[in-house]
2 protein chains.
Amino acid sequence: VPARFQEAVLPRGTTTAIWDPHEITNVKGTAGIEWAVGASEGLSLDLFVMVPSCVPSTSPAAGLETSGATLGAEDIKRFRDHPGVLGLAEMMNFPGLLGGDPDVLAKLMDFSGMKRDGHCPGLSGKDLNAYGVAGIHSCHESTTLAEAREKLTKGIHVLIREGSCARNAETLLPILDAYTSAVVSFCSDDRNPADIAEAGHIDCIVNKALHAGGRPEDALRAASYAPSAVYGLDDRGALAPGYLADVVLLKPRSHTGSGVVDWRAGVDIHSVYKRGKRVDAAELAKVKSAAAKGPAFSGKNLNLPEASAATFRVAATGGASGPRKARVIGVIPGQIVTNPLTRDLPVEGGAFLANPAADVLKIAVLERHHGTGGKACAFVEGFGLRGGAIATSINHDSHNVIVVGDGDELMAKAVNRLRALDGGIVVLAEGGREETLSLPIGGLMTEAPPADVAVRLHKLKALARAVGCKLEEPFLTLSFLALPVIPTFKITDKGLVDVSQFKIVDVSA
Amino acid sequence: VPARFQEAVLPRGTTTAIWDPHEITNVKGTAGIEWAVGASEGLSLDLFVMVPSCVPSTSPAAGLETSGATLGAEDIKRFRDHPGVLGLAEMMNFPGLLGGDPDVLAKLMDFSGMKRDGHCPGLSGKDLNAYGVAGIHSCHESTTLAEAREKLTKGIHVLIREGSCARNAETLLPILDAYTSAVVSFCSDDRNPADIAEAGHIDCIVNKALHAGGRPEDALRAASYAPSAVYGLDDRGALAPGYLADVVLLKPRSHTGSGVVDWRAGVDIHSVYKRGKRVDAAELAKVKSAAAKGPAFSGKNLNLPEASAATFRVAATGGASGPRKARVIGVIPGQIVTNPLTRDLPVEGGAFLANPAADVLKIAVLERHHGTGGKACAFVEGFGLRGGAIATSINHDSHNVIVVGDGDELMAKAVNRLRALDGGIVVLAEGGREETLSLPIGGLMTEAPPADVAVRLHKLKALARAVGCKLEEPFLTLSFLALPVIPTFKITDKGLVDVSQFKIVDVSA
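Residues numbered from 1 in each chain as written. Chains lettered and ligands numbered in written order. Predicted model: local features only at pLDDT ≥ 70, side-chain atom pairs only at ≥ 80, totals over all residues. Heavy atoms only, no water.

Asks: Got a minute to help me understand the overall build of chain A in this structure?
Replies: The helix and strand inventory of chain A stands at 16 helices and 24 strands. By the compact-globule yardstick of 23 Å for 509 residues, chain A fits well, its C-alpha radius of gyration being 23 Å. By its C-alpha atoms, chain A is 75 × 50 × 45 Å across when sized along the principal axes. Buried positions account for 58% of the 509 residues belonging to chain A. Relative to all contacts within chain A whose residues are 6 or more apart in sequence, the contacts with residues 24 or more apart total 68%. For chain A, the computed accessible surface area is about 18,700 Å², with 53% contributed by carbon and sulfur atoms. Averaging the locations of the 52 positively and 57 negatively charged side chains of chain A gives two centres separated by 2 Å. (Helix = DSSP H or I, 4+ residues; strand = E, 2+ residues; numbered from the N terminus. Rg over C-alpha atoms; globule rule 2.2 N^0.38 Å. Buried < 20%, exposed > 50% of the residue type's maximum accessible area, 1.4 Å probe, protein only. Contact = heavy atoms within 4.5 Å. Areas by Shrake-Rupley, 256 points an atom, 1.4 Å probe, with all protein chains shown as cover. Lys, Arg positive; Asp, Glu negative; His and termini not counted. Charge placed at Lys NZ, Arg CZ, Asp CG, Glu CD.)

Take a look at the structure:
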């Protein structure tokens with residue numbers, strides 16, 4: 001929750017943050033936005049809200065996913081005048097925008113005169129022009145330097161993102177120079193508390209820029225001045241009279257005896273001052289403000305039937321048995337885009353079987369908001385699990401239950417364990433070992449201190465590794481496999497999605 | 001008037017302008033602001049208004065000048081929500097601000113959250129810090145590079161001004177580089193139509209930057225992107241989808257046969273497009289929109305008694321005759337700041353006489369708003385007039401009548417000619433030659449085409465030169481000699497002002 005988030009990031013030098021609460025909003029609807037706006041007030045950290053533009057991430061008419069709520073232009077309009085709101089959050093539904101969806105256009109018009117954030121991975125040429133014409137001038141989804149350069153050339157403010165799973169800093173940092181540092185910013189996105197504690201938050205990207213030989217003035221401008229200026233926060237982002245006394249003292253890791261600094265070695269945070277007051281991590285941890293308390297959300301988080309091995313049957317077209325071509329989601333480590341693969345898989349009794357030896361595992365999404373029992377199962381390559389399963393209710397953006405595993409029985413067990421927990425993350429191993437993280441607020445958030453969450457995450461990761469997982473960040477990687485606005489193959493409760501076509505496709509290739 | 005202003009600047013590539021109508025407001029009060037806001041609408045040029053913060057330029061309590069109107073915080077507050085208004089105009093009354101004048105602070109608070117422009121020539125150190133703390137983050141009054149650097153370091157957006165009289169570009173342009181070009185802008189200020197037609201408007205500063213060896217990208221960014229960004233006009237200042245199609249095509253003046261451009265030679269305007277439509281100067285001249293018509297201001301502009309030679313008597317303290325030390329305003333060509341000089345002047349009958357042979361002439365300001373007959377007379381060095389006089393009703397910022405000349409009779413004649421004209425500029429020569437420019441709107445503006453005004457200005461200047469005037473821009477130089485917020489010696493209808501002390505001082509030194 002925001003009051004615990006500040007505990008994680010303020011000591012790392014993030015003194016202002018701007019967030020899009022579309023995760024809790026996908027689960028709880030406008031009550032999620034109301035909670036987010038309230039929970040952002042009264043903190044030591046300055047926390048601003050962008051109003052979620054895409055709940056769910058795709059046009060409801062497209063029928064690509066089932067979310068907890070569906071918000072139209074009329075639902076979100078009333079939030080624009082709240083003093084903590086800076087504008088409209090990432091417009092992920094770029095196909096809807098390009099197609100002239102009236103509700104998408106209404107949202108953009110309702111927030112005109114305010115910042116309207118973008119999200120347009122891979123968009124280029126005239127499609128990207130149309131996006132800019134619609135008034136969207138930012139994007140944090142560039143994955144190649146050429147993509148970032150085209151966006152910048154077209155007046156799109158490039159946010160260089162370093163999440164736990166989507167790591168774009170090293171690829172994109174070469175775009176940073178004396179000119180661009182005024183219009184390029186650093187940002188996080190799905191960065192887990194363990195990574196923040198160990199590698200840092202925005203300071204992590206500053207260090208990556210320095211390691212790569214970037215000039216400190218460029219890196220620090222992209223970390224402070226540029227985002228402040230672009231979001232119209234003109235009382236911060238610089239050290240000057242009339243600006244907030246938000247000050248981060250840095251300690252170079254290496255300098256010669258003569259006082260010359262070797263910036264390539266990076267910097268450590270010496271101390272942080274927020275509005276002139278030194279940030280004390282221990283004091284922050286003691287703050288149990290109203291905002292840190294759980295929201296008044298009623299009902300349980302997970303509303304889905306008990307799972308069994310039969311839940312994960314994947315029908316194959318054609319004959320009852322024999323190998324057949326299947327569409328398989330190809331995970332790319334450190335990226336949230338996926339490869340659209342085709343693999344030969346065994347078929348028995350008219351159903352595809354997994355091929356764990358070749359690292360092709362079953363993956364399923366189960367609807368959890370409305371108790372419909374809706375579900376879809378397909379295949380994924382890249383997890384490497386043997387004798388293990390992972391299930392979570394963090395599952396972009398509709399946050400249904402997603403599970404991947406070696407064996408239908410184990411997958412069912414993982415889902416049922418998550419169900420008993422009412423949301424969070426579960427890792428199971430054959431033989432009964434398990435690790436869990438409970439996320440009681442919408443199945444997404446917790447009031448637990450970030451340090452405790454980091455400990456849990458380490459245990460979860462250790463067990464995942466013990467059962468063969470090859471991914472550095474298995475949980476967020478898994479949670480992005482359901483986001484049908486990021487290319488190419490994804491899975492929702494409605495089925496396997498080919499994002500390049502924006503439609504459900506059959507597992508049989 | 002704005003509709004004629006666009007005729008002058010649009011063909012020079014200025015596609016958006018932001019103005020402070022404090023001149024007409026000093027004469028006509030809030031009716032002046034109402035007129036300015038209305039006259040800024042419906043033009044081809046995008047024209048935004050900053051609401052005058054200092055009418056008159058100094059705190060009325062200081063009693064330094066008599067303006068046509070005195071506007072307090074309550075008078076101007078209502079203009080903040082007009083869609084054509086971007087914020088509060090230049091806070092010239094920095095002594096009032098530093099002294100905690102409640103009305104000054106109320107104005108700044110009423111416009112919080114909007115741009116609040118500065119004007120703080122020579123302010124530095126802790127005084128400059130206080131100015132920034134009050135929320136003012138721009139200034140167009142730097143005259144030295146060190147001053148501009150200190151301001152920039154303190155988060156003050158530096159506007160490099162090139163007026164007809166105050167010419168700061170050559171001095172300040174070295175501040176421009178790849179970093180600062182995001183937060184340094186070019187601007188004009190009291191630039192007459194002749195200079196705009198011949199040397200250009202903002203394009204003139206671009207060319208000065210190029211002549212000095214500046215990079216075109218730095219100069220063009222300070223001419224377009226930086227001012228747009230700083231004033232929150234995020235739909236312009238760059239060529240990109242979703243930005244206004246305001247395009248200026250430039251033609252380099254020199255390039256080698258191989259196509260390599262020698263930027264030092266400068267650029268010419270090839271063509272200008274405003275909102276996608278090519279600007280046609282001849283078409284603009286035909287536009288006689290409602291905004292081009294005169295305002296509904298009633299009454300005559302000049303309300304002052306007939307002048308005579310006796311009007312210009314300057315009493316000297318001490319004996320009835322013999323040379324005596326007098327304070328003299330020292331004009332600095334191309335600057336609006338003046339030197340505080342002391343000169344020995346002859347005294348006869350208890351009054352100082354001018355010393356035209358040493359270029360020490362009489363200068364007087366006569367109250368023209370309320371018919372009080374208030375006036376003050378003192379001495380100025382630097383005009384060089386012999387057998388001539390200049391009078392004008394453009395006279396910053398209270399716009400009383402100001403006159404300088406060689407001989408009390410000739411000065412009286414010039415004032416009376418201006419009075420018959422009801423405002424404008426008059427140059428008289430012994431023997432009866434005269435040139436005039438009529439400014440029927442408040443004694444400040446005209447509906448005449450800029451080209452006609454330029455012709456008149458050339459004739460006025462030629463006659464001024466013929467009677468010995470050494471100044472390149474005698475009229476605007478003269479008009480700034482009454483502005484008691486620019487150091488050091490100035491003259492108002494109340495007397496000789498020492499701006500460094502912010503008080504009226506005796507002519508006798």
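Asks: Explanation requested: the side chain of T180 of chain B in the structure shown.
Replies: Residue and element names in this part refer to chain B. Relative to the helices and strands, T180 is located in the loop between α9 (169-172) and β7 (184-187). According to the relative accessible area criterion, T180 is buried, its value standing at 13%. Once residues within four sequence positions are removed from consideration, T180 is found in contact with L152 and I175.

Asks: Would you explain helix α8 (residues 145-153) of chain A in this entry?
Replies: An α-helix turns once every 3.6 residues. As a result, residues three or four positions apart point the same way. Residues and elements named next belong to chain A. Buried within α8 we find E147, A148, K151 and L152. The buried side chains of α8 occupy one side of the element, clustering within an arc of 130° when seen end-on. Looking at α8, the residues exposed on the side facing more than 90 degrees away from the buried face are A146 and T153. Considering only its buried residues, α8 is in contact with α7 (125-133), β5 (138-139), β6 (157-161), α9 (169-172) and β7 (184-187). (Arc of directions from axis to C-beta.)

Asks: What am I meant to see in the sheet that holds strand β2 (residues 46-51) of chain B here?
Replies: Each strand in a sheet pairs with its neighbour through backbone hydrogen bonds, running either in the same direction (parallel) or in the opposite one (antiparallel). Residues and elements named next belong to chain B. Taken together, 4 strands build an open sheet; the order of strands is β1-β2-β3-β4 and the sheet is parallel. Where the open sheet ends on each side, the last strands, each with one partner, are β1 (16-19) and β4 (115-118). Pairwise comparison of adjacent strand axes, ignoring direction, gives a mean angle of 30° for this sheet. Bridge count for β1 against β2 is 4 bridges, and the pairing is parallel. Paired with W19 across the two strands is V49, which belongs to β2. (Pairing = 2+ DSSP bridges. Axes fitted to C-alpha atoms, helices over the stretch in contact; angles between N-to-C directions.)

Asks: How should I be thinking about the relation of the copies chain B and chain A in this particular structure?
Replies: Both copies of the chain are placed relative to one another by a rotation about an axis and a shift along it. Superposition record for chain B on chain A: RMSD 0.0 Å, screw rotation 180°, translation along axis 0.0 Å. Here the copies are linked by what is in effect a two-fold axis. A symmetric contact is evident, with 100% of the interface residues of chain B recurring at the interface of chain A. (Least-squares fit on C-alpha atoms with pLDDT ≥ 70 in both.)

Asks: Would you explain the sheet that holds β7 of chain B in this entry?
Replies: All names here are of chain B. Strand order across the open sheet formed by 3 strands is β5-β6-β7, with parallel pairing between neighbours. Either end of the sheet is taken by a strand with one partner, and the two such strands are β5 (138-139) and β7. Of the pairings in the sheet, the one linking β5 to strand β6 (residues 157-161) comprises 2 bridges and is parallel in character. Residue C139 lies in a different strand from β6, and its bridge partner there is V158.

Asks: Help me understand α7 of chain A in this model?
Replies: All names here are of chain A. Of the positions making up α7, those classed as buried are L128, Y131 and G132. When α7 is viewed along its axis, its buried side chains cluster within an angular range of 95° and face the same direction. Projecting away from the buried face of α7 at angles above 90 degrees are the exposed residues K126 and V133. Looking at the buried side of α7, the elements it contacts are β3 (85-91), α5 (94-98), β4 (115-118) and α8. Phi turns positive one or two residues past the end of α7, at G135, with a value near 100°.

Asks: Where do I start with the pairing of strand β3 (residues 85-91) of chain B in this structure?
Replies: The two faces of the sheet receive side chains in turn, since in a regular strand these alternate between them. All names here are of chain B. The element β3 is extensively covered by neighbouring structure, given that 7 of its 7 residues are classed as buried. The pairing of β2 with β3 spans 3 bridges and is classified as parallel. Bridging from a neighbouring strand, V51 pairs with L88 of β3. Across 3 bridges, β3 lies against β4 in parallel orientation.

Asks: Please clarify how the pairing of β7 of chain A should be interpreted in this entry.
Replies: Residues and elements named next belong to chain A. Residues V184 and F186 point to one face of β7 and S185 and C187 to the other, with burial holding for every one of them. Relative to β7, β6 is paired through 4 bridges, and the arrangement is parallel. Pairing of L159 across the sheet is with S185, part of β7.

Asks: How should the packing of aromatic side chains be read in this particular structure?
Replies: The description of two aromatic rings rests on the distance between their centres and on the angle between their planes. Within the structure shown, the criterion is met by 4 aromatic pairs over all chains. Taking 6.2 Å as the distance between ring centres and 55° as the angle between the ring planes, the aromatic pair formed by W35 of chain B and F297 of chain B counts as tilted. Remark: F297 of chain B occurs in the loop between α14 (281-286) and β11 (314-315) and W35 of chain B occurs in helix α3 (residues 30-39); sequence separation between them is 262 residues. Seen from their ring centres, F352 of chain B and F379 of chain B are 6.1 Å apart, and the 80° between their planes marks the pair as edge-to-face. With F352 of chain B in strand β15 (residues 351-352) and F379 of chain B in strand β17 (residues 375-381), the pair connects residues that are 27 residues apart, well separated along the chain. Taking the relative accessible area as the measure of exposure, F352 of chain B reaches 0% and is therefore buried. Here the guanidinium or amino end of K115 of chain A rests over the ring plane of Y231 of chain A, the centre of that ring lying 5.7 Å away. (Phe/Tyr/Trp six-rings, centres within 6.5 Å; stacked < 30°, edge-to-face > 60°. Lys NZ or Arg CZ within 6 Å of the ring centre and 35° of its normal.)

Asks: What exactly am I supposed to notice about the side chain of D203 of chain B here?
Replies: All names here are of chain B. Structurally, D203 can be placed in helix α11 (residues 202-211). A polar side-chain atom of D203 sits 2.8 Å from a polar atom in the side chain of R12. Within the structure, the side chain of D203 is placed 2.6 Å from the backbone nitrogen of H201, a separation counted as a polar contact. Those residues within four positions of D203 in sequence are excluded, and the remaining contacts are R12 and I269. (Polar contact = N/O pair within 3.5 Å; in protein donor to acceptor, adjacent residues only side chain to side chain.)

Asks: What is the right way to read the environment of S224 of chain A from this model?
Replies: Residue and element names in this part refer to chain A. Inspection of the secondary structure assignment puts S224 in helix α12 (residues 216-230). Taking C-alpha positions, S224 is 46 Å from P356, a pair spaced 132 residues apart along the chain. At 2.6 Å, the side chain of S224 and the backbone oxygen of L220 are in polar contact.

Asks: What is the right way to look at the interface of chain B and chain A in this model?
Replies: By a widespread convention, an interface's size corresponds to the accessible area lost as its parts come together. Taken together, the contacts link 22 residues of chain B with 22 residues of chain A. Viewed at the interface, chain A and chain B are joined by 0 salt bridges. Taken together, the links from chain B to chain A amount to 8 residue pairs in polar contact (both at pLDDT 80 or more). Secondary structure elements with two or more residues in the side of chain B that touches chain A: α7 (125-133) and α12 (216-223) of chain B. (Salt bridge = Lys/Arg side-chain N within 4 Å of Asp/Glu carboxyl O.)

Asks: Explain the pattern of salt bridges to me, please; I cannot follow it from the model alone.
Replies: Throughout the structure, instances matching the rule amount to 60 salt bridges over all chains. For R236 of chain B, the salt bridge goes to D46 of chain B, with nearest N and O atoms at 2.9 Å. Of this pair, R236 of chain B sits in the loop between α13 (225-230) and β8 (247-252) while D46 of chain B sits in strand β2; the two residues are 190 residues apart in sequence, bridging distant segments of the chain. When sorted by exposure, R236 of chain B lands in the same class as D46 of chain B, which is buried. Here K274 of chain B makes a salt bridge to D46 of chain B, at a shortest N to O gap of 2.7 Å. Of this pair, K274 of chain B sits in strand β9 (residues 267-274) while D46 of chain B sits in strand β2; the two residues are 228 residues apart in sequence, bridging distant segments of the chain. Salt bridges sharing common partners tie together D46, D235, R236, D246, K274 and R275 of chain A.

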